[in-house]
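A look at the structure
Listed below, chain by chain, are the residues.
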Amino acid sequence: MTRRGRIAAWAAGVLGVLILAVAGVGVWVYQELDGNIQAADIDGRLGGDRPENLSPGSKNILVVGSDSRDGDNASFGGAGLTTMQSDTLMVLHIPADRKWATVVSFPRDSWVEIPACDKGDGTESGRHHAKINEAFALGGLGGEVAGAAACTIKTVEANTGLRIDHFVSLDFQGFTGMVDALDGIEVCPEEAIDDDKAHLQLDAGCQTVKGKQALGYVRARYSVGDGSDIGRIGRQQEFMEALADKARSKLTSPSALYGFLKSATGSLSTDEKLAGVEPLYGLASELQGIPGDRLTFLTVPNYPREADVATDKANVVWQYPQAADLFTSLAKDREVDKGKIEAGSEDPLYASSVRVRVLNGTGVAGRAAVVAGKLGEAGFTVVDTGNAPQDSGTTTVTHPPDQKAPAAVLASRLPGVRAAADPDATAGVVTLLVGKDLDPDDLR
């Protein structure tokens, strides 16, 4: 089993073992831990414009590592942040046949569209582009996890086409309690770490971290490695493996077990259907039977947005068509070929290298200019706009034979649109005919 496979196997298996252990301790312990898990009513906040469930029986679970900036968390991150923050965001896909599973991590610096969200203060935000983690903070302005989760779910659904069935939010304050219940976790940084934002100073080499030091380690970013969020995701996964290994050997002690579970459940918020020890145990049981070699961990293919928008040196954009292929596979409950996705992502085709001609087939004056503006914001190079010979109800992307790859990049940003070769198409240019079915705001 791979290292990342062991992480998932532990997450599935140890939860079931621990819950069974708690049941043996006593009913009062079970009731206390069951009551610790916060249930959030999100159904009324998601609206009706949601992706269709294309694979009944499968499950997509949104997992958020959150930081409310209250209590012990207040000292981490930028000064003056009072809203809930999300540092870790992923989707766990469990197929209908329960024979495999995929975990997809979303870099927090992903530049995506944030849909209109209830801000929890009586107002609603407008549709706009921002880092993906803004959704959690925006929806949580009223201080409720339900609002934060709902805006995050809407954002993930809008940008991936995946229907989210459940969510789990783990607050970092509970994370420190779990680490302390295990008497700390050993980490082995190759270089010394001095990170003011994470309040972390560590020497190079193996050592045990606890409490705020452990929290600082999993949240440190700019002073470690290449300073990217991608690198931090890898370190967080390595830390969870070390935590898993220690939990297997340490949690034979009733006191350690109780402390670990109290911290874990006390920091959990879920949707109403998943709230409680029993439904979480059921989820763990489903995961436990999945073979380790069929547990796939990956990060959404991406590249620095600077390649498309020279002034943006802080964000990443998802790489197409690889990202679209990944989301389509999960939506249709098809097992992901990680090797194929990674191989196709080695040489990204930037949006800025795609030259586009936009033709208006809607009959609405100025629509080509509007779409061209949206494409320009996304980094595409628009070389021409005009009117189509006749109106069309359907949006199409056509290309000369040598522009197949650029056409696929463009088409993957347009929901439901496929590219087609046209030997008579203008050389070196991909043609987008905007039909009446395209809402310019639907451009990814």
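That block above? That's the structure.
For the structure given in this document, a descriptive report is provided here. No experiment lies behind these values; they were computed from the predicted model shown.

What counts and how
Residues numbered from 1 in each chain as written. Predicted model: local features only at pLDDT ≥ 70, side-chain atom pairs only at ≥ 80, totals over all residues. Heavy atoms only, no water. Phe/Tyr/Trp six-rings, centres within 6.5 Å; stacked < 30°, edge-to-face > 60°. Disulfide = S-S within 2.5 Å. Helix = DSSP H or I, 4+ residues; strand = E, 2+ residues; numbered from the N terminus. Buried < 20%, exposed > 50% of the residue type's maximum accessible area, 1.4 Å probe, protein only. Polar contact = N/O pair within 3.5 Å; in protein donor to acceptor, adjacent residues only side chain to side chain. Pairing = 2+ DSSP bridges. Axes fitted to C-alpha atoms, helices over the stretch in contact; angles between N-to-C directions. Contact = heavy atoms within 4.5 Å. Salt bridge = Lys/Arg side-chain N within 4 Å of Asp/Glu carboxyl O. Parallel < 35°, antiparallel > 145°, perpendicular 65-115°, else oblique. Left-handed = near helix turned anticlockwise from the far one by under 90°. Core = buried A, V, L, I, M, F, W, Y, C linked by side-chain atoms within 4.5 Å.

**As for the packing of aromatic side chains**
The tally for this structure, following the rule as stated, stands at five aromatic pairs. One aromatic cluster is present, built from ring pairs that chain together Phe-106, Trp-318 and Phe-327.

**What about the state of the cysteines?**
All chains considered together, the criterion is met by two disulfides. Across the disulfide, Cys-117 is cross-linked to Cys-151 (sulfur-sulfur distance 2.2 Å). The disulfide joining Cys-117 to Cys-151 has a torsion of about 85 degrees about its S-S bond and is therefore right-handed. With Cys-117 in the loop between β5 (111-114) and β6 (128-131) and Cys-151 in helix α4 (residues 145-160), the pair connects residues that are 34 residues apart, well separated along the chain. Cys-151 carries the same exposure label as Cys-117, and that label is buried. One disulfide bridge connects Cys-188 with Cys-206, the sulfur atoms lying 2.0 Å from each other. Across the S-S bond linking Cys-188 and Cys-206, the dihedral sits near 110 degrees, which makes this disulfide right-handed. With a gap of 18 residues between them, Cys-188 in the loop between β8 (185-187) and β9 (193-195) and Cys-206 in the loop between β10 (200-202) and β11 (207-209) connect regions that are remote in the sequence. Under the relative-accessibility criterion, Cys-206 is labelled exposed at 52%. Here the protein pairs its bonded cysteines, counted in sequence order, in the arrangement 1-2, 3-4.

**Thoughts on the side chain of Asp-312**
With respect to the element layout, Asp-312 can be found in the loop between β14 (302-304) and β15 (316-318). Only 2.7 Å separates the side chain of Asp-312 from the side chain of Arg-305, close enough to count as a polar contact.

**Thoughts on the sheet that holds strand β20 (residues 430-434)**
The strand order across the open sheet built from five strands is β17-β16-β20-β18-β19, with neighbouring strands paired in mixed fashion. Each of the sheet's edge strands pairs with one partner strand only, and the pair in question is β17 (381-387) and β19 (419-421). When the angles between neighbouring strand axes are averaged without regard to direction, this sheet yields 25 degrees. In the sheet, strand β16 (residues 355-360) pairs with β17 via six bridges, with the strands oriented parallel. Across the sheet, residue Asn-360 finds its bridge partner in β17, namely Asn-387. Here helix α12 (residues 367-377) sits on the sheet and contacts β16, β17 and β20; the angle it forms with β16, its principal contact strand, is near 155 degrees. This element, helix α13 (residues 404-411), spans β16, β18 (396-399), β19 and β20 of the sheet and lies at about 165 degrees to β18.

**Some thoughts on the pattern of salt bridges**
Applying the stated criterion across every chain yields a total of eleven salt bridges. For the salt bridge of Arg-50 with Glu-157, the shortest nitrogen-to-oxygen distance reads 2.6 Å. Of this pair, Arg-50 sits in the loop between β1 (38-40) and β2 (59-67) while Glu-157 sits in helix α4, and the two are 107 residues apart along the sequence. You'll find Arg-50 and Glu-157 in the same group, each marked buried. The partner of Asp-109 in a salt bridge is Lys-131, with the nearest N and O atoms 3.4 Å apart. Taken as a pair, Asp-109 in the loop between β4 (101-105) and β5 and Lys-131 in strand β6 lie far apart in primary sequence, 22 residues in all. The exposure class of Lys-131 is partly exposed, given its relative accessible area of 26%. If you follow the salt bridges from partner to partner, you end up with Glu-113, Arg-127, Lys-374 and Asp-441 in one network.

**Quick look at the environment of Phe-175**
Here Phe-175 is to be found in helix α5 (residues 172-181). Placed 93 residues apart in sequence, Phe-175 and Leu-268 show a C-alpha to C-alpha distance of 10.0 Å.

**Some thoughts on the environment of Ala-425**
As for its position among the elements, Ala-425 is in the loop between β19 and β20. Looking at Ala-425, the relative accessible area reads 14%, which means it is buried. For the pair Ala-425 and Gln-403, spaced 22 residues apart in sequence, the C-alpha to C-alpha distance is 9.9 Å.

**Examining the packing of α5 against helix α6 (residues 211-219)**
The contact between α5 and α6 brings their axes to 9 Å, and the two run at 120 degrees. The orientation of α5 relative to α6 falls into the category oblique. Pair α5 / α6 crosses with right-handed handedness. Here α5 contributes Phe-172, Phe-175, Thr-176, Val-179 and Asp-180 to the contact with α6, which in turn contributes Gly-211, Ala-214, Leu-215, Val-218 and Arg-219.

**Examining unusual backbone geometry**
Residues Tyr-320 and Pro-321 are joined by a peptide bond in cis, for which omega reads 5 degrees. Within the secondary structure, Pro-321 sits in the loop between β15 and α10 (322-331). One non-glycine residue, Asp-183, lies in the positive phi region at around 60 degrees. Its location among the elements puts Asp-183 in the loop between α5 and β8. In this structure, Asp-333 is a non-glycine residue whose phi angle is positive, near 60 degrees.

**So, the nonpolar core**
The biggest cluster of nonpolar side chains holds 63 residues, and the ones touching the most others in it are Leu-62, Phe-106, Trp-318, Leu-375, Val-397, Leu-410 and Leu-432. If one sorts the elements of this core by residue count, α4 sits on top with seven residues. The next biggest cluster of nonpolar side chains, apart from the first, holds 24 residues, and it includes Ile-193, Leu-200, Tyr-217 and Val-218.

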